[in-house]
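Below are the chains, spelled out letter by letter.
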Amino acid sequence: MREALRKPQAPRSGFHPAARDARLQRRCACGGIAGPTGECEQCRRRRLQNTRRDSAPAHSFGRVEARSPRCSVRVPSGPANSFEDCPIDWQRQANAAVELGRRWVANVLMGLSSLPSPIPAPVANLLNRHFHTTYSGDIRTMVRIFDKIYKALNAEIDFECETSCDDNVAAYVYAIWTDVHLCPIWYGQSARGKANTIVHELAHDAAGRDDKAYVWEAKYARLSVNEALDNADSYSNFAEEAFYGP
């Protein structure tokens, strides 16, 4: 009988070709063919790149991390400021700008007071961009000036608000002790612009700095070291960039 000549069937095993195909064809979240770990090679490389990027040290200014300055600088609030002829919203924004400027300058003082040797390249670039020097004696001068600005930011500031000013003037002070006069242009600036302007004016009023050049002028990059150390805009822009990064 033909049935007697039939070969016995091989015993079944737990291996099923269909199951193998399903395993080999399992899809990664991106739609690619998943490997043994459940992700495709492209996703694995991307994950490793992101891990390396996230674990890289943040750019730091001295020992103060500029990547997350709001967490690294704890600055107490200063006394209430006084206002003359200032609408309520101007008062609110001036107070906020003072608070922001206070954090910037605190960040600078912490960083410049704890610089490692050699100075990290990003910090050296920042110093050279605004003061054209990394000499330790010049850095001590910066610390002295920033300390005066910081003390002014932590004292009562007298603001006077103007309805009109000279063209392109955001704020001004007089040569002797004076109120900080805020102009309509100041009110139209961004939050950072308002803080930068107030730090600039206090560099005049509290630290006796002059106007040698503004950061947007070509001659700003050509100032001598002594001119930059005497330039109000060098201090306000250094403080802002040290806080946020370039």
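Residues numbered from 1 in each chain as written. Predicted model: local features only at pLDDT ≥ 70, side-chain atom pairs only at ≥ 80, totals over all residues. Heavy atoms only, no water.

The name recorded for the protein in an unreviewed UniProt entry is Lysine-specific metallo-endopeptidase, from Calidithermus roseus.

## Brief notes about helix α10 (residues 232-244)
The criterion, for reference: Elements are defined by DSSP. Helices are runs of H or I of four residues or more, strands are runs of E of two residues or more, and each kind is numbered from the N terminus. Working rule for helices: expected span equals 1.5 Å times residues minus one. Exposure classes here rest on a 1.4 Å probe applied to the protein chains alone. A residue is buried below 20% of its type maximum, exposed above 50%, and partly exposed in between.
Compared with the 18 Å implied by 1.5 Å per residue over 13 residues, the 19 Å span of α10 between its first and last C-alpha is a close match. Of all 13 residues in α10, 12 are buried; the element is thus mostly enclosed. Those residues of α10 that fall on the buried side of the exposure criterion are Ala232, Asp233, Ser234, Tyr235, Ser236, Asn237, Phe238, Ala239, Glu240, Glu241, Ala242 and Phe243. Just downstream of α10 lies Gly245, where phi reads positive at about 90°.

## A look at the sheet that holds strand β5 (residues 171-172)
We count it as follows: The pairing criterion is simple: DSSP has to find at least two bridges between the two strands.
Taking strand neighbours across the sheet as the criterion, the 4 strands line up as β3-β4-β6-β5 in an open arrangement whose pairing is mixed. Edge positions in the sheet fall to β3 (82-84) and β5, since each of these pairs with one other strand and no more. Pairing geometry for β5 and strand β6 (residues 180-182), over 2 bridges, is antiparallel. Across the sheet, Ala171 pairs through a bridge with Leu182, a residue of β6.

## A few points about the packing of aromatic side chains
Note the following rule: When two rings of Phe, Tyr or Trp (its six-membered ring) have centres within 6.5 Å they constitute a pair, described as stacked for plane angles under 30 degrees, edge-to-face for angles over 60, and tilted for the intermediate range. Lysine and arginine charges are scored as sitting over a ring when NZ or CZ, respectively, is within 6 Å of the ring centre and within 35 degrees of the ring normal.
Taken as a whole, this structure holds 11 aromatic pairs when the rule is applied. Taking 6.0 Å as the distance between ring centres and 45° as the angle between the ring planes, the aromatic pair formed by Trp90 and Trp186 counts as tilted. Remark: Trp186 occurs in helix α7 (residues 184-187) and Trp90 occurs in helix α4 (residues 88-112); sequence separation between them is 96 residues. Each residue in the set Phe131, Phe146, Tyr235 and Phe238 is aromatic and connected to the rest through ring pairs, giving one cluster. Seen from the ring of Tyr244, Arg192 lies directly overhead, with NZ or CZ sitting 3.8 Å from the centre. Positioned over the ring face of Trp186 is Lys194, at 5.6 Å from the centre of the ring.

## Focus on the packing of α4 against α10
Spelled out, the test is: Note on method: axes are straight lines fitted to C-alpha atoms, helices fitted across the in-contact stretch only, with angles between N-to-C directions ranging 0 to 180 degrees. Note that the term roughly parallel is reserved for angles under 35 degrees, roughly antiparallel for angles over 145, roughly perpendicular for angles of 65 to 115, and oblique for everything else. Contacts are assigned to residue pairs with any non-hydrogen atoms lying within 4.5 Å of each other. Gly is put with the polar residues, along with every residue not named as nonpolar or charged; the nonpolar set is Ala, Val, Leu, Ile, Met, Phe, Trp, Tyr, Cys and Pro, and the charged set is Asp, Glu, Lys and Arg.
Closest axis-to-axis distance for the α4/α10 pair is 9 Å, and the angle between their directions is 80°. Considered as vectors, α4 and α10 are oriented roughly perpendicular to each other. Judged by residue contacts, Leu100, Arg103, Trp104, Asn107, Val108 and Leu112 of α4 engage Ser236, Phe238, Ala239, Glu240, Ala242, Phe243 and Tyr244 from α10. Split by residue class, the contact of α4 with α10 holds 9 nonpolar, 2 polar and 2 charged.

## A few points about the state of the cysteines
Here is the idea: a disulfide is a covalent bond, and it sits between the sulfur atoms of two cysteines. Cut-off, in case you're wondering: Our working definition of a disulfide is a cysteine sulfur pair at a distance within 2.5 Å.
Applying the stated criterion across every chain, the model contains 2 disulfides. Across a sulfur-sulfur distance of 2.0 Å, Cys86 and Cys161 are joined as a disulfide pair. An S-S torsion of about 100° defines the bridge between Cys86 and Cys161 as right-handed. Residue Cys86 is found in the loop between β3 and α4, and its partner Cys161 is found in strand β4 (residues 158-161); the two are separated by 75 residues along the sequence. On the accessibility criterion, Cys161 (7% relative accessible area) is buried. Across the disulfide from Cys165 sits Cys183; the S-S distance is 2.1 Å. Judged by the sign of its S-S torsion, about -90°, the cystine formed by Cys165 and Cys183 is left-handed. Placement of Cys165 in the loop between β4 and β5 and of Cys183 in the loop between β6 and α7 is noted, with a sequence separation of 18 residues between them. Cys165 sits in the partly exposed class, given a relative accessible area of 24%.

## Some words on the pattern of salt bridges
Think of it this way: side chains of opposite charge can pair up when their charged atoms draw near. Condition: For this document, the term salt bridge refers to a Lys or Arg side-chain nitrogen within 4 Å of an Asp or Glu carboxyl oxygen.
Per the stated rule, a full pass over the model turns up 8 salt bridges. With its nearest N and O atoms 2.5 Å apart, the salt bridge here joins Asp89 to Arg92. In this pair, Asp89 and Arg92 are both assigned in helix α4, 3 residues apart and thus about one turn of the helix distant. The exposure class assigned to Arg92 is exposed, which follows from its relative accessible area of 53%. Of the charged contacts, one joins Asp210 and Lys212 as a salt bridge, the two residues approaching to 3.6 Å between their closest N and O atoms. Beyond isolated ion pairs, a larger network of salt bridges with shared partners links Arg209, Asp210, Lys212 and Asp230.

## A closer look at unusual backbone geometry
Negative phi values dominate among residues other than glycine, just as trans dominates among peptide bonds. In this chain, Ser117 is followed by Pro118 through a cis amide linkage whose omega measures 0°. Following the sequence through the fold, Pro118 ends up in the loop between α4 and α5 (121-130). At His132, a position not held by glycine, the phi torsion is positive, near 60°. Its location among the elements puts His132 in the loop between α5 and α6 (136-153).

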